[in-house]
Amino acid sequence: MCQSWGAPLAPTLGRLWRNQAIAAPEVGIDLVRLLLFFGQSCTLSTLLEMVSHAGLFLLSKHCLLGRVTDSSGGQLRGWDNLKWASACVNTPHNVGALKPYSLTPLLSWLAKAGGAQVGKDVQIHWKGFLGCPELDMITLGDDVYLGGAFYSHKFAAASLAYSAVKVGRGAHTGGRSMLSPGCHLPPSTVAFDGALVIPGSANMKSDAKQYLSGNPAISNGTPPAGLFEINGKHL
């Protein structure tokens, strides 16, 4: 045990254990070494935790659920629904641990690794993943900001089905907003806090900038009074 306190981490502690004389400066140096060691250990443990939860998320997506397409799905009591439910149960635990990395490139990479089509400079809030293991059905253009949730699964006539969600370049969604299955956001569209976006909420034939609000969300040509920016960008 004495040898374990030897070089290079804290040699003076070994001499102290053996009742040998030590100088005060040597103790200070060793204490600094120990503090640096514990700091590096904490940093390493945080990185390992992040890598492990990201890996478990991708493992549950690709091994439990597998690739999802428009033709995927099936009966609620069938095998396909069991695979989706298993992946969905594992998702909140693993993604919840990645909350500190919300809106960082890590979550954009995680979405892409999970099967989503992700453009450049995309920011995704961690809550967006909670109910959506079927990332293959998500398409995000460049410079997209997703402050709310999204999902592409739906239940109808005792069956599970999927419908793609597409978000155009430069679109922004506020916190507590929701993109439901089959909805499309044109480029530069803004969905405000609490908006429930459904198919048809946005006018896909219009080239003008649109602002979506309400439950279900409806399109407006002007932003609400008194609201000037979202995510630090002017509307």
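Preceding this paragraph is the structure being described.
Quick caveat, the model's predicted, so the values are computed rather than measured.

Peer 1: Go over helix α4 (residues 105–113), please, and point to the residues and values.
Peer 2: Turning to α4, its buried residues number three or more, namely Leu106, Leu107, Ser108, Leu110 and Ala111. Phi turns positive, to about 115°, at Gly115, one or two residues after α4.

Peer 1: So what's going on with the pairing of strand β16 (residues 217–220)? Which residues, and what values?
Peer 2: Two elements, strand β15 (residues 211–214) and β16, share 4 bridges in a ladder whose sense is antiparallel. Directly across from Leu212, in β16, lies its bridge partner Ser219. Where β15 folds back on β16, the antiparallel hairpin that results is connected by 2 residues.

Peer 1: Describe in detail the pairing of strand β7 (residues 153–156), supporting the description with residues and values.
Peer 2: Strand direction decides the pairing type here: β7 and strand β8 (residues 159–162), joined by 4 bridges, are antiparallel. Directly across from Phe155, in β8, lies its bridge partner Leu160.

Peer 1: Run through the nonpolar core, naming residues and quoting values.
Peer 2: Of all hydrophobic cores here, the largest spans 36 residues; its most connected members are Val167 and Leu179. For this core, the secondary structure elements donating two or more residues are α2 (24–65), α4, β4 (138–140) and β9 (165–167). Discounting residues that sit within four places of it in the chain, Leu179 has contacts with Leu146, Ala149, Phe150, Tyr151, Val165, Val167, Thr173, Leu185 and Val197. Core analysis: the next-biggest nonpolar cluster, separate from the first, contains 8 residues, Leu65, Val68, Ala87 and Tyr162 among them.

Reading guide: rules and limits
Residues numbered from 1 in each chain as written. Predicted model: local features only at pLDDT ≥ 70, side-chain atom pairs only at ≥ 80, totals over all residues. Heavy atoms only, no water. Buried < 20%, exposed > 50% of the residue type's maximum accessible area, 1.4 Å probe, protein only. Helix = DSSP H or I, 4+ residues; strand = E, 2+ residues; numbered from the N terminus. Pairing = 2+ DSSP bridges. Core = buried A, V, L, I, M, F, W, Y, C linked by side-chain atoms within 4.5 Å. Contact = heavy atoms within 4.5 Å.

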